[in-house]
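Coordinate inspection notes
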Amino acid sequence: MVDERRTIDLRSDTVTRPTAAMRAAMAAAEVGDDVFGDDPTVNRLQAMVAERVGAEAGLFVPSGTQSNLLALLTHCERGDEYIAGQSSHTYRYEGGGGAVLGGIQPQPVELQPDGTYDLHRLATYVKPVDAHFARTRLVCVENTISGQPLPPAYLPEIRRFADEHCLAVHLDGARLMNAAVHLGVDPIELARGADTVSICLSKGLGAPVGSVLCGPAELIERAHRWRKVVGGGMRQVGILAAAGIVAITDHVDRLADDHANAATLGDAMGGIEGVEVVAVATNHVFVSFAALDIADLNGALADRGIRVLGDGRAVPMRLVTHLDVTSDDVASVARAVAQIVADRG
Ligand SMILES: *Cc1c(COP(=O)(O)O)cnc(C)c1O
């Protein structure tokens, strides 16, 4: 049922629409052929994002998936192996790109509840140098993971581990800015120790498209070649990078609003009979429902213009706050859920 009210879309922070300021910046963007390195707006964005994470160079790419793929292709060769969390994006949600396109074998490892590896266990997955085994080359970490920031002391530990085992470190920091804002630390502190860092502009930062892969100039040069190979060389793409510049300039500090809205939503949902708040982490709220028929609940929410993901039973319902969700919106969502629960009870 479609009505006059606007939709409150809590499925992901990828659903945001570009702001008026972004559209104005896009319309006015100075552009050039970025395959020749001629686009001044892309060059500016790459330098800005690299600086924000303390890296030498950056590469603008169409998606976080491509950014992670380029990292795998840059760090590993055919017959090599990368380690990633069982639930990490690089292993689970990217179509097996490293294996499909790079002949790179994944070694998934179960993560602890806080999203970290148990380093003793991790060591058992690093293969000996022996013709029987793939060559373990890279360990991937993700921050935030399921909305949860990693402990700030963790990446230095991973760096030490990687050095002991001659591995590179890739940080999938799709939502690294959420972690930095939540912890009140400079993102440089959270990126230190990683060889490469991927930052998504199209999640909480609200740009319509794009990620930036950051690292030492020599690695980014190699990633640049792979970007061309996988078809990610775009031309007058400053038109998109301009939105990214607005995102990285104006939309980092305001992530605190999304986190506050998520906390408010979590509190309100926790007060509703039959609703269990499984976790609240940065801009993510996970809830499950003891007794409700979930298809019925989702239908009733959709009737009220509220969109959510997950079945709320086997998979907790995931509610994600973002640029297009206001504090009034989260209050409306909690009221709607309470009303639906009361009606069914
Ligand atoms: C969304 C996401 C990606 C992939 O980004 P896309 O732009 O959707 O391809 C990678 N890693 C993490 C942790 C993400 O949340």
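Predicted model only: the values in this text are computed from it and were never measured.

On to the overall build of the protein chain. The helix and strand inventory of the protein chain stands at 14 helices and 12 strands. By the compact-globule yardstick of 20 Å for 345 residues, the protein chain fits well, its C-alpha radius of gyration being 21 Å. Along the longest, intermediate and shortest principal axes, the C-alpha atoms of the protein chain span 65 × 50 × 35 Å. Counting only contacts in the protein chain whose residues sit at least 6 apart along the sequence, the fraction spanning at least 24 positions is 73%. Averaging the coordinates of the 30 positive side-chain charges in the protein chain and doing the same for the 44 negative ones gives two points 4 Å apart.

Here the focus is the state of the cysteines. Summed over all chains, the structure comprises zero disulfides. The thiol of cysteine 76 is not disulfide-bonded; the next cysteine sulfur, from cysteine 140, is found 7.6 Å away. Free cysteine: cysteine 214, not disulfide-bonded; nearest cysteine sulfur from cysteine 200 at 12 Å. Accessibility expressed as a relative area gives 1% for cysteine 214, which makes it buried.

Before going further, it helps to spend a moment on the packing of aromatic side chains. This model, assessed by the stated rule, comprises zero aromatic pairs. Note that arginine 225 overlies the ring of tryptophan 226, its terminal NZ or CZ placed 5.9 Å from the centroid.

Right, let's talk about the environment of alanine 21 for a bit. Looking at where alanine 21 falls in the secondary structure, it is placed in helix H1 (residues 20-28). You can call alanine 21 partly exposed: its relative accessible area is 44%. For the pair alanine 21 and aspartate 250, spaced 229 residues apart in the sequence, the C-alpha separation amounts to 9.8 Å.

Bringing the sheet that holds strand E3 (residues 80-85) into the picture now. Neighbouring strands of a sheet are bound in pairs by backbone hydrogen bonds; such pairs are parallel or else antiparallel. Taking strand neighbours across the sheet as the criterion, the seven strands line up as E2-E8-E7-E6-E5-E3-E4 in an open arrangement whose pairing is mixed. Pairing within the sheet leaves two strands with one partner each, and these edge strands are strand E2 (57-61) and strand E4 (105-109). Neighbour to neighbour, the strand axes of the sheet diverge by 20 degrees on average, direction disregarded.

It is worth spelling out the packing of helix H12 (residues 255-270) against helix H14 (residues 327-344) at this point. Two elements in contact, H12 and H14, have axes separated by 9 Å at closest approach and are oriented at 20 degrees. When the axis of H12 is compared with that of H14, the two are roughly parallel. Where H12 crosses over H14, the handedness of that crossing is right-handed. In this structure, H12 uses Asn261, Thr264, Leu265, Ala268 and Met269 to contact H14, whose residues at the interface are Ser327, Val330, Val333, Ala334 and Val337. Residue composition of the contact of H12 with H14, by class: seven nonpolar, three polar and no charged.

So, on to the domain arrangement of the protein chain. You can read the domains of the protein chain as domain 1 (20-250) and domain 2 (254-344). Put simply, the middle of domain 1 and the middle of domain 2, counted by C-alpha atoms, are 30 Å apart. Contacts between the two partners involve 14 residues from domain 1 and, on the opposite side, 11 residues from domain 2. Roughly 950 Å² is buried in total at the junction of domain 1 and domain 2, and carbon and sulfur atoms are behind 62% of that figure. Remark: the boundary between domain 1 and domain 2 carries zero salt bridges. Applying the counting rule to domain 1 against domain 2 returns two residue pairs in polar contact (both at pLDDT 80 or more).

Let's shift gears to the site of the ligand. The immediate surroundings of the ligand are formed by Ser63, Gly64, Thr65, Asn68, His89, Glu94, Glu142, Asp172, Ala174, Arg175, Cys200 and Lys203. One of the side-chain N or O atoms of threonine 65 is found 2.6 Å from an oxygen atom in the ligand. Interatomic distance of 2.6 Å between a side-chain N/O atom of aspartate 172 and a nitrogen atom of the ligand. When the ligand is considered free in solution it has 380 Å² of accessible area, and contact with the protein chains removes 83% of it. Broken down by element, the shell around the ligand gets its largest block of residues, three residues, from helix H3 (residues 64-75).

Pairing in this open sheet of three strands is antiparallel, and the strands run E9-E10-E12 from one edge to the other. In this open sheet, the two strands that pair with only one neighbour each are strand E9 (275-281) and strand E12 (317-320). Neighbour-to-neighbour, the strand axes of this sheet turn through a mean angle of 25 degrees, independent of strand direction. Note that E9 and strand E10 (residues 284-289) share six bridges and pair antiparallel. Bridged to valine 275 within E10 is phenylalanine 289.

Another point: the packing of helix H8 (residues 176-183) against H12. Where H8 contacts H12, the axes come no closer than 9 Å and their chain directions differ by 75 degrees. When the axis of H8 is compared with that of H12, the two are roughly perpendicular. Contacts between H8 and H12 involve Met177, Asn178, Val181 and His182 from the first element and Leu255, Ala256 and His259 from the second. Considered class by class, the residues forming the contact of H8 with H12 number four nonpolar, three polar and no charged.

About the thresholds
Residues numbered from 1 in each chain as written. Predicted model: local features only at pLDDT ≥ 70, side-chain atom pairs only at ≥ 80, totals over all residues. Heavy atoms only, no water. Helix = DSSP H or I, 4+ residues; strand = E, 2+ residues; numbered from the N terminus. Rg over C-alpha atoms; globule rule 2.2 N^0.38 Å. Contact = heavy atoms within 4.5 Å. Lys, Arg positive; Asp, Glu negative; His and termini not counted. Charge placed at Lys NZ, Arg CZ, Asp CG, Glu CD. Disulfide = S-S within 2.5 Å. Buried < 20%, exposed > 50% of the residue type's maximum accessible area, 1.4 Å probe, protein only. Phe/Tyr/Trp six-rings, centres within 6.5 Å; stacked < 30°, edge-to-face > 60°. Lys NZ or Arg CZ within 6 Å of the ring centre and 35° of its normal. Pairing = 2+ DSSP bridges. Axes fitted to C-alpha atoms, helices over the stretch in contact; angles between N-to-C directions. Parallel < 35°, antiparallel > 145°, perpendicular 65-115°, else oblique. Left-handed = near helix turned anticlockwise from the far one by under 90°. Nonpolar A, V, L, I, M, F, W, Y, C, P; charged D, E, K, R; others polar. Domains from an automatic or database assignment. Buried area = accessible area lost by both parts, 1.4 Å probe. Salt bridge = Lys/Arg side-chain N within 4 Å of Asp/Glu carboxyl O. Polar contact = N/O pair within 3.5 Å; in protein donor to acceptor, adjacent residues only side chain to side chain. Near = heavy atom within 4 Å. Areas by Shrake-Rupley, 256 points an atom, 1.4 Å probe, with all protein chains shown as cover.

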